[in-house]
Protein chains: 2
Amino acid sequence: MSPKKTISGFSKLSKAGKIKWIVQNFFKEPDHVVQELESYWHSNEEQQKILDNFSENTLSNFPMPFGVAPNFLIDSNPYCIPMVIEESSVVAAASSAAKFWMSRGGFVTEVLATIKLGQVHFEWTGDKAKIKYLFPDLKKKLMEECFLFTRSMVKRGGGILDIELIDLTDKEDKLYQLKASFETCDSMGANFINTCLEQLGRSLVDYFKNSEECKNDEKEVRVVMSILSNYTPDCLVRASVECPIMQLGKFPNGMTAEDFALRFRKAVRIAEIDPYRATTHNKGIYNGIDAVVIATGNDFRAIEACGHTYASRNGQYASLSHCTIDDGIFKFWLEIPLAVGTVGGLTSLHPIAKRSLELLESPSAKQLMRIIAAVGLAQNFAAIRSLVTTGIQKGHMKMHLQNILSQLKADPKEEIAAIQHFSEGLVSFSAVREFLEKLRLSNG
Amino acid sequence: MSPKKTISGFSKLSKAGKIKWIVQNFFKEPDHVVQELESYWHSNEEQQKILDNFSENTLSNFPMPFGVAPNFLIDSNPYCIPMVIEESSVVAAASSAAKFWMSRGGFVTEVLATIKLGQVHFEWTGDKAKIKYLFPDLKKKLMEECFLFTRSMVKRGGGILDIELIDLTDKEDKLYQLKASFETCDSMGANFINTCLEQLGRSLVDYFKNSEECKNDEKEVRVVMSILSNYTPDCLVRASVECPIMQLGKFPNGMTAEDFALRFRKAVRIAEIDPYRATTHNKGIYNGIDAVVIATGNDFRAIEACGHTYASRNGQYASLSHCTIDDGIFKFWLEIPLAVGTVGGLTSLHPIAKRSLELLESPSAKQLMRIIAAVGLAQNFAAIRSLVTTGIQKGHMKMHLQNILSQLKADPKEEIAAIQHFSEGLVSFSAVREFLEKLRLSNG
């Protein structure tokens, strides 16, 4: 084990000191790497410090493309959607689907509920019946003792909605859960919920310790942990599009509107019955969703974990979107849990996230849920449309080729030659480089 | 509907034209927003063009913190891990867990399999028995006709491993699936797989059309779609840590090593039995995983979708990690599907992703699987350790407060006062701003 590859006290080094240690021990051209990392810093030092402080041991910024998808008509309001995504075709596909539906009534959304959840798991050795008997009294105390932390949220219309006692002793000896539900208004609420839950844990211990109804071992509660749940099936939004089949228009290769509608429905049906397909189908939905989640300073890991658990709630992982054709009406919709915020956290700290929210006209959390669900549905529509008509490779390969040509500094003539050469088949960096090398040799 | 909020031909505008339209129609201070967006551009125009081309309608870069977690000992090799994550505490927690295990044998990993998957769904009206009878001959043709696209991958040791015929007619009339498995070596392989699958679709149609064994309707195959599956349960890696309980050391508040081990195991057990807890437990794993996935130019939506489907494979969404205590040995491990690449896609196009791979000493895809799994396990260890000892809010609130203070340009004196004031309870942007305002008034 090379001693240079590990270090003590790294986090205490200055940023320059950290970069120095990294480049000297892990890179062949240290000076060049320092320059490159520094070239991604923001020119304003104070601004860069804010970015650095979002995380730890920060050396530079990792640039992700910040783009927009215009022409989203959502509940009759036009939006231009900020998207942060490194995958090609996603923004183009969202824009295209948005424009398609803009002239067909747009996206219609509904927020079904906005309940957030948290859990305190604890062990207690007494009789089950007794804790159930004590619970109403305990709950009252729990609610009261949290008030210090909930006061400000209650003023804004939120707070703790309920606390349930869940008996888990059939699965694990002595184990119970307090399941608390919250309304967190325009904030995602993680800090609020976790602070409340830790207080619930303290109050719980205190209650049993001081309860006159409890003797000996019954006085002792052991809290295992107190933490929010990212699974929020009741923080749910629906987005849908619909139009008469006749209005779907024409599709490539002479496909009729009716043929398209039937194929589209079949493709969605496959994602409903086959988990292998459902995974990719939903992945496409999250291409759009995560792009807006990141752009608005929300946490995409939380959104992903929640949505995929929701997709598996009936025992087999399945599609989050559905499609019907009834009486000549094509309908396509999505129901998805989205626990997002428009105040607090990075939403007000990240400079571009702030601009994203401004671009969306400073939405409430509920409005943001609607917008994100509509983008997810648009993304899914575009992906399936592409799959059941031309296939996705044609577009993908074209974009991938453009990226590689730009990286290899191809001139316009070379670009044309490459596009012709790679019009069918597999584009890879090495194949394009080889092609350009041969071309340059033969021309040189 | 305001006509200014929608637009025709947006994608054809220049970048400057796009920005102009956006700021004029959606922002109150257009000039200021233009300046701000431009301030995030890379100073080298060519470099910025490469970044812009990753996506569409790109206006600027969205900066994500690029940090490192040193001291990861993985299969006896020391690593410094590049992480791109906007959530505070994640890098600090990974670093801390890495250091903890560095002196206890480090992370041990094993790649269990590297099989990627793709599907061609199609409709066929003939007799089930007949297609099963024809399949061996069909498969031979399918394999042969893909060779044009697989040749280069076969040279590198990969290619199509197998093609199965799946009968879905019990779920959906006339529906069958070709399920193809692939080895894609060091590439993630999405483009390769999709190109092969589209060829399989064409060959399939061709086979039935020209088959002398098929008459009338039997000659017609309708391909619904051809696309890879992001659910790759056999592209799987295991990471584990273990040590005698005695060596776990001491924990906050006088908690003994044995008490810690038991609590830790209980916390993991809860994530095994309760889907609400499992979601957040796994979300914590993906905090670490996604940070490395993004840093190395891989696709985090694919990784998330796959892992969460895997977590639900037994019918109830559950923990991806597990813990045992046997004969005084504490063991903690994770099994997770990770379809990642170290060549192709953004890995060779994104400038910082290239540096991330260099920092990891140019790993193969298999090595990257090992590294990412170890980071996921470290992240999970740190989160559970925190939850069962001090709770997570203490650390989180401290970091959140620092971020807000830096944003509000607090001086050192004000920082000290704020840290004292917010030592317990809820930190929010508005509360800190209010506190500082009062402080500044009373001092002014």
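Everything here concerns the structure above.
All of these numbers come straight from a predicted model, not from anything done at the bench.

### Focus: the interface of chain A and chain B
- Counting residues at the interface gives 146 residues for chain A and 146 residues for chain B.
- For the pairing of chain A and chain B, the buried interface totals around 13300 Å² over both sides, and the portion due to carbon and sulfur atoms is 60%.
- Broken down residue by residue, the surface that chain A buries against chain B is led by A:Phe62, A:Tyr276 and A:Arg301, which jointly contribute 7%.
- Applying the counting criterion to the chain A and chain B interface returns 20 salt bridges.
- Note that A:Lys266 and B:Glu123 form a salt bridge whose closest N and O atoms lie 2.8 Å from each other.
- Our enumeration of links across chain A and chain B arrives at 64 residue pairs in polar contact (both at pLDDT 80 or more).
- Here the side of chain A that touches chain B gets 14 residues from one element, more than from any other, and that element is strand 1 (residues 58–74) of chain A.

### Quick look at the pattern of salt bridges
- Within this structure, the stated rule accounts for 54 salt bridges over all chains.
- With its nearest N and O atoms 4.0 Å apart, the salt bridge here joins A:Arg263 to A:Asp259. Placement of both A:Arg263 and A:Asp259 in helix 8 (residues 257–273) is noted, with a separation of 4 residues, approximately one turn of the helix.
- When its relative accessible area of 22% is taken as the criterion, A:Asp259 is described as partly exposed.
- Among the ionic pairs, B:Lys141 bridges to B:Asp206, the shortest N-O distance being 2.9 Å. Highlighted residues: B:Lys141 in helix 5 (residues 128–145) and B:Asp206 in helix 7 (residues 190–210), separated in sequence by 65 residues.
- With a relative accessible area of 30%, B:Asp206 lands in the partly exposed category.
- One continuous salt-bridge network, built from bridges that share partners, spans A:Glu86, A:Glu87, A:Lys283, B:Asp299 and B:Arg301.

### Describing the pairing of strand 10 (residues 329–337) of chain A
All names here are of chain A.
- Here strand 8 (residues 235–244) pairs with strand 10 via 9 bridges, running antiparallel. Across the sheet, the residue bridging to Arg238 is Glu335, located in strand 10.
- Here strand 9 (residues 321–326) runs beside strand 10; their pairing, made up of 6 bridges, is antiparallel. By the bridge assignment, Thr324 is partnered in strand 10 with Lys331.
- Connecting the antiparallel pair strand 9 and strand 10 is a turn made up of 2 residues, with Asp327 showing a positive phi of about 50°.

Rules behind the numbers
- Residues numbered from 1 in each chain as written.
- Chains lettered and ligands numbered in written order.
- Predicted model: local features only at pLDDT ≥ 70, side-chain atom pairs only at ≥ 80, totals over all residues.
- Heavy atoms only, no water.
- Contact = heavy atoms within 4.5 Å.
- Buried area = accessible area lost by both parts, 1.4 Å probe.
- Salt bridge = Lys/Arg side-chain N within 4 Å of Asp/Glu carboxyl O.
- Polar contact = N/O pair within 3.5 Å; in protein donor to acceptor, adjacent residues only side chain to side chain.
- Helix = DSSP H or I, 4+ residues; strand = E, 2+ residues; numbered from the N terminus.
- Buried < 20%, exposed > 50% of the residue type's maximum accessible area, 1.4 Å probe, protein only.
- Pairing = 2+ DSSP bridges.

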